[in-house]
Amino acid sequence: MTLFDVAAESPTPRAPLSRVRLVVAYDGGGFHGFARNPGVRTVAGLLTDVLEKILRHRVELTCAGRTDKGVHAWGQVVTFDASAAHLDLAALARSVNALCGPAVVVRDAAVVPADFDARFSADSRLYRYRIVNRPEADPFLAGRAWHVPDPLDVRDMELAGDPLIGEHDFSSFCRRPKPGPDGGDVSLRRRVLSVAWHDEGDGLLRFEIEATAFCHQMVRSIVGSLVDTGLGRRRAGVMKAVLEARDRSAAGAVAPPDGLYLWAVRYAGWSSDRP
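Note that the structure is predicted; figures quoted are calculated from it, not measured.

> Tell me about the overall build of the protein chain, and name the residues and values.
From N to C terminus, the protein chain includes 5 helices and 11 strands. In terms of overall size, the protein chain behaves like a compact globule, its C-alpha atoms giving a radius of gyration of 20 Å where 275 residues would be expected to give roughly 19 Å. Each principal axis of the C-alpha distribution contributes one length, and for the protein chain these read about 60 × 45 × 40 Å. Burial status across the protein chain gives 48% buried among its 275 residues. Counting contacts in the protein chain only where the partners sit at least 6 residues apart, residues at least 24 apart contribute 71% of the total. Counting only carbon and sulfur atoms, one obtains 51% of the accessible surface of the protein chain, whose full area is about 13300 Å². One finds the centroid of the 35 positive side-chain charges in the protein chain at a distance of 3 Å from the centroid of its 34 negative side-chain charges.

Encoded structure:
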């Protein structure tokens, strides 16, 4: 039997168990998002199938944040339980990369305490968004950055981003979720820790936003509104009013997924961008 043959699987991993944490990078262009979705290619679907093939038992993945179709990651974190017997993390990472790379790559693998959870143990998430701001597109960044040909006023975009810092209701920047189990509305209050623009030179701009959690399409909606400000379509001073409107129609269009990256997930004493 080779690594690429389908192995016989046991329904559940055999005790004793180890909680495994992986740091995963991926190009989201060929995937319909992270979350497993029958009938379409997703990052979690591919990872789960490959891990089950290697470990020969069922795997239940938990992730730090479910990215949408076309969104990339450098520091996605996943956790799962594996049989502790004969568990070789280095070999596991090599095998996953052989089967999934280069589209999906394990950057780090570690055994962590049993109560560590990729999602619920996280203190914050950091997203990056890349923009090519020059008249001509860059073929080498196609699918990995948003090409905005008209000049952007970075200073105005910085000023417009300031009101976002702190805890707010981000209904103006989020797709309305389905009602909760009790039938009530799901809260869209989130706490943003930092917002920043970086000019990398040669027309390349990088936006970074860190928050304790994000709601669906929040980062892309914010970027779309900030770019509208940078293009002079709206004044920097109206961002506070847009936020307070709690109305999706008050904000700008959603930026394309191409330029968005889940860059890092922060935990107590550890961050996934530098494992």
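On we go.
> Describe the packing of helix 3 (residues 154-161) against helix 4 (residues 218-230), naming the residues involved and giving the relevant values.
Taken N-terminus to C-terminus, the directions of helix 3 and helix 4 make an angle of 135 degrees; their axes are 8 Å apart at the nearest point. In this view, helix 3 runs oblique relative to helix 4, as classed from their interaxial angle. When the axes of helix 3 and helix 4 are compared, the crossing they make is right-handed. For the pair helix 3 and helix 4, the contacting residues are Asp156, Met157, Ala160 and Gly161 in the first and Leu226, Val227, Thr229 and Gly230 in the second. Considered class by class, the residues forming the contact of helix 3 with helix 4 number 4 nonpolar, 3 polar and 1 charged.

> Outline the state of the cysteines, supporting the account with residue identities and numerical values.
Tallied over the entire structure, the rule returns 1 disulfide. Disulfide pairing is shown between Cys174 and Cys215; the S-S distance is 1.7 Å. Of this pair, Cys174 sits in the loop between strand 7 (166-169) and strand 8 (189-201) while Cys215 sits in the loop between strand 9 (204-211) and helix 4, placing them 41 residues apart in sequence. Here the two residues Cys174 and Cys215 agree in accessibility, since each one is buried. With no disulfide of its own, Cys100 has Cys63 as its nearest cysteine by sulfur position, at a separation of 15 Å. The class for Cys100 is buried, based on a relative accessible area of 4%.

> Provide a residue-level description of helix 2 (residues 89-100), including the pertinent values.
In an α-helix, one full turn covers 3.6 residues, which means residues spaced three or four apart are oriented alike. End to end, helix 2 covers 16 Å across 12 residues, agreeing with the expected 16 Å (1.5 Å per residue, within 8%). All of the buried residues along helix 2 are Leu89, Leu92, Ala93, Ser95, Val96 and Cys100. When helix 2 is viewed along its axis, its buried side chains cluster within an angular range of 165 degrees and face the same direction. Where helix 2 is buried, its residues touch strand 1 (17-26), helix 1 (43-55), strand 3 (72-83) and strand 4 (104-112).

> Tell me what's going on with the pairing of strand 8, and back it up with residues and numbers.
The two faces of a sheet get side chains in turn, since along a regular strand they alternate between them. Two strands pair when backbone bridges link them, and strand 7 and strand 8 are joined in this way by 4 bridges, in the antiparallel orientation. In the strand pairing of strand 8, Gly166 is matched with Val192. Where strand 8 meets strand 9, 8 bridges bridge the pair, whose relative direction is antiparallel. Looking at the pairing, Trp197 lines up with Phe207 of strand 9. From the end of strand 8 to the start of strand 9, which pair antiparallel, there are 2 residues, and Asp202 there has a positive phi angle of about 60 degrees.

> Pulling in residues and values, what's your account of the packing of aromatic side chains?
With the rule as written, the count across this model stands at 9 aromatic pairs. Each ring, one from Phe170 and one from Phe173, has its centre 6.4 Å from the other, and the planes form 55 degrees; the classification is tilted. On the basis of relative accessibility, which here comes to 0%, the residue Phe170 falls in the buried class. It is Arg107 that lies over the ring of Trp74; its NZ or CZ is 3.8 Å from the centre. When the ring centre of Trp263 is taken as origin, the NZ or CZ atom of Arg128, which lies over that ring, is 4.1 Å away.

> If you had to explain helix 4 to someone new, which residues and values would you point to?
Here helix 4 spans 18 Å end to end across 13 residues, near enough to the 18 Å set by a 1.5 Å rise per residue. When you tally the buried positions in helix 4, you get 13 out of 13 residues, the bulk of the element. Following helix 4 by one or two positions, Gly232 has its phi on the positive side, about 85 degrees.

> Explain the environment of Val78 to me, using residue names and the numbers behind them.
Positionally, Val78 belongs in strand 3. Sequence-wise, Val78 and Arg21 are 57 residues apart; in three dimensions their C-alpha atoms are separated by 5.8 Å. Setting aside chain neighbours within four positions, we find Val78 in contact with Val20, Arg21, Leu22, Val24, Phe34, Leu61, Thr62, Cys63 and Ala118.

> Could you give me a rundown of the pairing of strand 10 (residues 260-267), with the residues and numbers involved?
Counted residue by residue, strand 10 has 7 buried out of 8 residues, so it is predominantly covered. Two strands pair when backbone bridges link them, and strand 3 and strand 10 are joined in this way by 2 bridges, in the parallel orientation. Paired with Ala73 across the two strands is Leu262, which belongs to strand 10. Here strand 5 (residues 124-132) pairs with strand 10 via 6 bridges, running antiparallel. The residue bridging Tyr127 from the neighbouring strand is Leu262, located in strand 10. Pairing between strand 10 and strand 11 (residues 270-271): 2 bridges, direction antiparallel. Bridged to Arg266 within strand 11 is Ser271. Here strand 10 folds back onto strand 11 in antiparallel fashion, the turn holding 2 residues, of which Gly269 has a positive phi close to 75 degrees.

Rules used throughout
Residues numbered from 1 in each chain as written. Predicted model: local features only at pLDDT ≥ 70, side-chain atom pairs only at ≥ 80, totals over all residues. Heavy atoms only, no water. Helix = DSSP H or I, 4+ residues; strand = E, 2+ residues; numbered from the N terminus. Rg over C-alpha atoms; globule rule 2.2 N^0.38 Å. Buried < 20%, exposed > 50% of the residue type's maximum accessible area, 1.4 Å probe, protein only. Contact = heavy atoms within 4.5 Å. Areas by Shrake-Rupley, 256 points an atom, 1.4 Å probe, with all protein chains shown as cover. Lys, Arg positive; Asp, Glu negative; His and termini not counted. Charge placed at Lys NZ, Arg CZ, Asp CG, Glu CD. Axes fitted to C-alpha atoms, helices over the stretch in contact; angles between N-to-C directions. Parallel < 35°, antiparallel > 145°, perpendicular 65-115°, else oblique. Left-handed = near helix turned anticlockwise from the far one by under 90°. Nonpolar A, V, L, I, M, F, W, Y, C, P; charged D, E, K, R; others polar. Disulfide = S-S within 2.5 Å. Expected span 1.5 Å × (residues − 1). Arc of directions from axis to C-beta. Pairing = 2+ DSSP bridges. Phe/Tyr/Trp six-rings, centres within 6.5 Å; stacked < 30°, edge-to-face > 60°. Lys NZ or Arg CZ within 6 Å of the ring centre and 35° of its normal.

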